[in-house]
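Letter by letter, the chains look like this.
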Amino acid sequence: MNRFDYVRPETVADAVKAVAGGNARFIAGGTNLVDLMKYNVEQPGRLVDITRLPLDAIAARDGGLSIGALVTNSTVAYDAQVKERYPLLASAILAGASGQLRNAATTGGNLNQRTRCYYFYDEATPCNKRLPGSGCPAIGGVNRIHAIFGTSPSCIATHPSDMCVGLAALDAVVRVAGPEGERTIPFAEYHRLPEDNPERDTTLKPGEIVLSVDLPDETFGPHHTYLKLRDRLSYAFALVSVAAVMTLDGDTIRSARFALGGVAHKPWRDREAEAFLAGKPATQETFAAAANIVVAAAQPQSENAFKVELTRRALVRGLSQAAAGTPQSQSDKRIA
């Protein structure tokens, strides 16, 4: 590692000041940043340790819940309020990483973790995300785990988070603070597609820090599911994941939202397919038609075309489970 300064502010205002005007990074659990530093992917000149900031609580807000940026993933997953009102989020978190990592990883850190693309982690290879303008060898290279939606000629990397897929389906809001004060960002707008600037993962402005993730005042009862399909049952990133919630009026879908993981540079929403579901019967035929709308936009690479059919099947299965009120079992990884 390169030499770096280390500071530990006591207030959000001091943290924002400490990270301004230089090559500085916030650090809390460090489960991603420390690895990136070891691989020389990130070389900060200053680490701003935010673990003393008052951002470690889960509290009621506007009828929903506000989850502080320093609340650990394990705490969120096992919180009684989260399990009762937003069980989809708990399921998504428990599908990711290992128990040890979830005990250290924070909510804010999970939002801002970086891709696990092989080329991004290998400083001996070009990577537009690591060194803008150097190229994307994943295009035409080893790309089995890469994106099939929202790609660009600059980058086909995927976002690795399970938690974020759940938050996207729940229409969460991210509260942040920076040199210009506080603001809120709808979760669907927090992460970016690569376009011509794949080095930018989020819409955070320079110097901004995540304060909390706020969940809306709504409930879906039993009609939710988180389905994760991966190469092995534990401690593996998703090839395709589905977070789905819906409300039903008898056997008719009143509303439905879903997000996909493992297939894009951000949790992937398809508003057209969601709108299609409203007012339709909750049947396999309906879900298959919605899935066909989604995969019509797929642009697979040389080694990941299997993800198109995997996405279609996973979405049909995920929506079916949500409609039936049978959340995905952590021990079940079969493909529909």
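Keep in mind it's a predicted model, so treat the numbers as computed, not measured.

## Regarding the overall build of the protein
Argument step 1. When its secondary structure is counted, the protein shows 13 helices and 11 strands.
Argument step 2. For the protein, the C-alpha radius of gyration of 19 Å lies close to 20 Å, the compact-globule estimate for 336 residues.
Argument step 3. The principal-axis extent of the C-alpha atoms belonging to the protein is close to 60 × 50 × 35 Å.
Argument step 4. In the protein, which comprises 336 residues, the share counted as buried stands at 54%.
Argument step 5. Put simply, of all contacts in the protein between residues at least 6 apart along the chain, 64% involve residues at least 24 apart.
Argument step 6. Total accessible area computed for the protein in this model is approximately 14,400 Å², and 51% of it derives from carbon and sulfur atoms.

## Let's talk about empty space enclosed by the protein
Argument step 1. Taken as a whole and assessed by the stated rule, the structure comprises 4 cavities of 30 Å³ or more.
Argument step 2. Taken as a whole, the largest cavity spans an internal volume of roughly 90 Å³.
Argument step 3. Surrounding the largest cavity, 17 residues form its lining, Cys117, Tyr119, Cys127, Cys136 and Cys155 being those nearest its centre.
Argument step 4. Of the residues in the lining of the largest cavity, the class split is 11 nonpolar, 5 polar and 1 charged.

## Digging into the packing of aromatic side chains
For any pair of aromatic rings, geometry is given as the distance between the ring centres together with the angle between the planes.
Argument step 1. Scanning the model with the defined rule gives 4 aromatic pairs in all.
Argument step 2. Measuring from ring centre to ring centre gives 5.8 Å for Phe120 and Tyr121, while their planes differ by 80 degrees; the resulting arrangement is edge-to-face. Like Phe120, the residue Tyr121 is buried in the burial classification.
Argument step 3. Grouping aromatic residues by their ring pairs yields a cluster made of Tyr39, Phe120 and Tyr121.
Argument step 4. Its guanidinium or amino end placed over the ring of Phe276, Lys280 lies 4.2 Å from that ring's centre, counting from NZ or CZ.

## Considering the pairing of strand β9 (residues 224-229)
Argument step 1. In terms of burial, β9 is a largely internal element, 6 of the 6 residues being buried.
Argument step 2. Side-chain alternation along β9 places His224, Tyr226 and Lys228 on one buried face and Thr225, Leu227 and Leu229 on a second face that is also buried.
Argument step 3. As paired elements, β9 and strand β10 (residues 240-249) share 6 bridges and run antiparallel to each other. Paired with Tyr226 across the two strands is Ala243, which belongs to β10.

About the criteria used
- Residues numbered from 1 in each chain as written.
- Predicted model: local features only at pLDDT ≥ 70, side-chain atom pairs only at ≥ 80, totals over all residues.
- Heavy atoms only, no water.
- Helix = DSSP H or I, 4+ residues; strand = E, 2+ residues; numbered from the N terminus.
- Rg over C-alpha atoms; globule rule 2.2 N^0.38 Å.
- Buried < 20%, exposed > 50% of the residue type's maximum accessible area, 1.4 Å probe, protein only.
- Contact = heavy atoms within 4.5 Å.
- Areas by Shrake-Rupley, 256 points an atom, 1.4 Å probe, with all protein chains shown as cover.
- 1 Å grid on protein atoms, 1.4 Å probe; cavity = no way out; pocket = protein on both sides within 12 Å on 5 of 7 lines; lining within 4 Å.
- Points joined across faces, edges and corners; volume = space filled by probe spheres on them.
- Nonpolar A, V, L, I, M, F, W, Y, C, P; charged D, E, K, R; others polar.
- Phe/Tyr/Trp six-rings, centres within 6.5 Å; stacked < 30°, edge-to-face > 60°.
- Lys NZ or Arg CZ within 6 Å of the ring centre and 35° of its normal.
- Pairing = 2+ DSSP bridges.

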